[in-house]
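Here is how the chains run, residue by residue.
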Amino acid sequence: MTNPIKRLESLGYPIDDVPSPGGLYTPVTLIGSIAYVSGAVPVTQGHLKYAGKVPSDIDLPTAQKAAALCVANNLRMFHQEGGSLERILRVLRLTGYVNSDPHFTDQHLVINGASQLLKDVFGDLGIGARSAVGVAQLPLGSAVETELILEIRS
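Let me begin by describing the structure that accompanies this report. (Residues numbered from 1 in each chain as written. Predicted model: local features only at pLDDT ≥ 70, side-chain atom pairs only at ≥ 80, totals over all residues. Heavy atoms only, no water.)

Here we come to the overall build of the chain. Summing up its helical and strand segments, the chain has three helices and seven strands in all. In sequence order, the chain lays out its α and β elements as α-β-β-β-β-α-β-α-β-β. Counting only C-alpha atoms, the chain reaches 45 × 30 × 25 Å along its principal axes. Residue burial in the chain is summarised as follows: out of 154 residues, 45% are buried. For the chain, contacts bridging at least 24 residues in sequence account for 80% of all contacts bridging at least 6. About 7400 Å² of surface is accessible on the chain, with carbon and sulfur atoms providing 52% of the total. Positive and negative charge centroids in the chain, built from 12 and 14 side chains respectively, lie 6 Å apart. (Helix = DSSP H or I, 4+ residues; strand = E, 2+ residues; numbered from the N terminus. Buried < 20%, exposed > 50% of the residue type's maximum accessible area, 1.4 Å probe, protein only. Contact = heavy atoms within 4.5 Å. Areas by Shrake-Rupley, 256 points an atom, 1.4 Å probe, with all protein chains shown as cover. Lys, Arg positive; Asp, Glu negative; His and termini not counted. Charge placed at Lys NZ, Arg CZ, Asp CG, Glu CD.)

Moving on, we get to the nonpolar core. Ranked by size, the top nonpolar core spans 40 residues in total, and within it Leu8, Phe78, Val110, Leu148 and Leu150 carry the most contacts. Within the residue set of this core, elements represented by two or more residues are helix 1 (4-10), strand 2 (34-40), helix 2 (60-82), strand 5 (88-99), helix 3 (107-122) and strand 7 (144-152). Ranked by the residues each element gives to this core, the list is headed by helix 2, at 11 residues. If we ignore the near neighbours within four places in the chain, the residues touching Phe78 are Val28, Leu30, Ala35, Val37, Gly83, Ser84, Leu85, Arg87, Ile88, Leu150 and Ile152. (Core = buried A, V, L, I, M, F, W, Y, C linked by side-chain atoms within 4.5 Å.)

The next subject is the layout of surface pockets. Estimates place the volume of the largest pocket at around 330 Å³. Ser20, Pro21, Gly22, Tyr25 and Val41 are the residues nearest the centre of the largest pocket, which is lined by 17 residues in total. (1 Å grid on protein atoms, 1.4 Å probe; cavity = no way out; pocket = protein on both sides within 12 Å on 5 of 7 lines; lining within 4 Å. Points joined across faces, edges and corners; volume = space filled by probe spheres on them.)

Attention now goes to the environment of Val98. Considering the arrangement of structural elements, one finds Val98 in strand 5. Between the alpha carbons of Val98 and Ser33 there is a distance of 29 Å; along the sequence they are 65 residues apart. In contact with Val98, not counting residues within four places along its chain, are Val54, Phe104, Gln107, Val110, Ile111, Val133, Gly134, Val135, Leu138 and Ala143.

All chains considered together, the criterion is met by three salt bridges. Notably, a salt bridge pairs Glu151 with Arg90, separated by 2.7 Å at the nearest N-O pair. Note that Glu151 is positioned in strand 7 and Arg90 in strand 5, a separation of 61 residues in sequence. Classification of Glu151 by relative accessible area gives partly exposed; the value is 23%. Between Lys119 and Asp124 there is a salt bridge; the shortest N-O distance is 3.6 Å. Of the residues examined, Asp124 reaches a relative accessible area of 62% and is grouped as exposed. (Salt bridge = Lys/Arg side-chain N within 4 Å of Asp/Glu carboxyl O.)

This paragraph deals with unusual backbone geometry. Residues Val54 and Pro55 are joined by a peptide bond in cis, for which omega reads 0 degrees. Relative to the elements of secondary structure, Pro55 occurs in the loop between strand 4 (47-48) and helix 2. In the Ramachandran plot, Gln45 falls in the positive-phi region, its phi being about 50 degrees despite a non-glycine side chain. When you line up the elements, Gln45 lands in the loop between strand 3 (43-44) and strand 4. Overall, the relative accessible area of 66% leaves Gln45 in the exposed class.

To continue, consider the sheet that holds strand 5. Spatial strand order, 1-2-7-5-6: five strands in an open sheet with mixed pairing. Each end of this open sheet is capped by a strand with a single partner; those strands are strand 1 (28-31) and strand 6 (129-135). Strand-to-strand twist in this sheet, taken as the mean axis angle between neighbours without regard to direction, amounts to 15 degrees. Of the strand pairs in this sheet, strand 5 and strand 6 are connected by seven bridges, and their pairing is parallel. By the bridge assignment, Gly96 is partnered in strand 6 with Ala132. (Pairing = 2+ DSSP bridges. Axes fitted to C-alpha atoms, helices over the stretch in contact; angles between N-to-C directions.)

Here you go:
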């Protein structure tokens, strides 16, 4: 299976479950061969699925699932706004934010959930530069938020 849409859907993320913008912004900004994909929280079918602090409210494996859902939403946003997942040449950067308890230091392990989904969809081209940041709070009380920078076919 080489089609990234089919791969994403085979992993349980239907391409048409696109989150609505939660504020005044554009989901995707295209500049030449670069796409900047706005932050996405773990929303499915219009509802926040994972909320709370990691690890007191959400354990590590569940937070990794939340990160995967976030990045699936980034991909859905790109597909809707940028034309198609088939335009993506590679992931340049993934930034992940984790709603963390004060002494939690495994944000990188949480964001591995997002990185793994990108690798599952795009192979080695799904792994680019990355940051995993612990924060005091996220929109809607979300457990995780991710954003992407992509290289695309013009």
